[in-house]
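This is what each chain is made of:
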Amino acid sequence: MLLESIILTVSGGIIGFLIGWGLSSLISFFIPYHIHAIVTFGNFLLAFGVSSTVGIIFGLLPATQASKRNLIDILR
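Owing to the predicted nature of the structure, the values given are computational and were not obtained by experimental measurement.

Cut-offs used in this document
Residues numbered from 1 in each chain as written. Predicted model: local features only at pLDDT ≥ 70, side-chain atom pairs only at ≥ 80, totals over all residues. Heavy atoms only, no water. UniProt positions renumbered as here; feature names shortened; annotations may be inferred. Helix = DSSP H or I, 4+ residues; strand = E, 2+ residues; numbered from the N terminus. Contact = heavy atoms within 4.5 Å.

### A look at the UniProt feature "domain: ABC3 transporter permease C-terminal" (unreviewed entry) in the protein
Here's step 1: Mapped onto the present numbering, the UniProt feature "domain: ABC3 transporter permease C-terminal" (unreviewed entry) falls on residues 2-70.
Here's step 2: Between the C-alpha atoms that bound residues 2-70 there is a distance of 19 Å. The span itself is 83% helix and 0% strand.

### Describing the side chain of S28
Here's step 1: Here S28 lies in helix α1 (residues 2-30).
Here's step 2: If we ignore the near neighbours within four places in the chain, the residues touching S28 are I35, H36 and A37.

### Concerning the environment of I7
Here's step 1: By secondary structure assignment, the location of I7 is in helix α1.
Here's step 2: Sequence separation between I7 and Q65 is 58 residues; the distance between their C-alpha atoms is 20 Å.

Structural data, given as structure tokens:
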């Protein structure tokens, strides 16, 4: 469960960042006065870090609850 949440979080974070970067570039192309959206490595780390932290926390909660349950009871 935890590995699945980490994979989904990382891929979702990267895809979301790329979509946001593309949209901001597209919007800044159509804005007058040549206002440009600048995406730095720090912005990427912040977005990726928040996404990863939320995904890992909400992936740990079900994993710890499932590990505390008795396997025999789950299979019945």
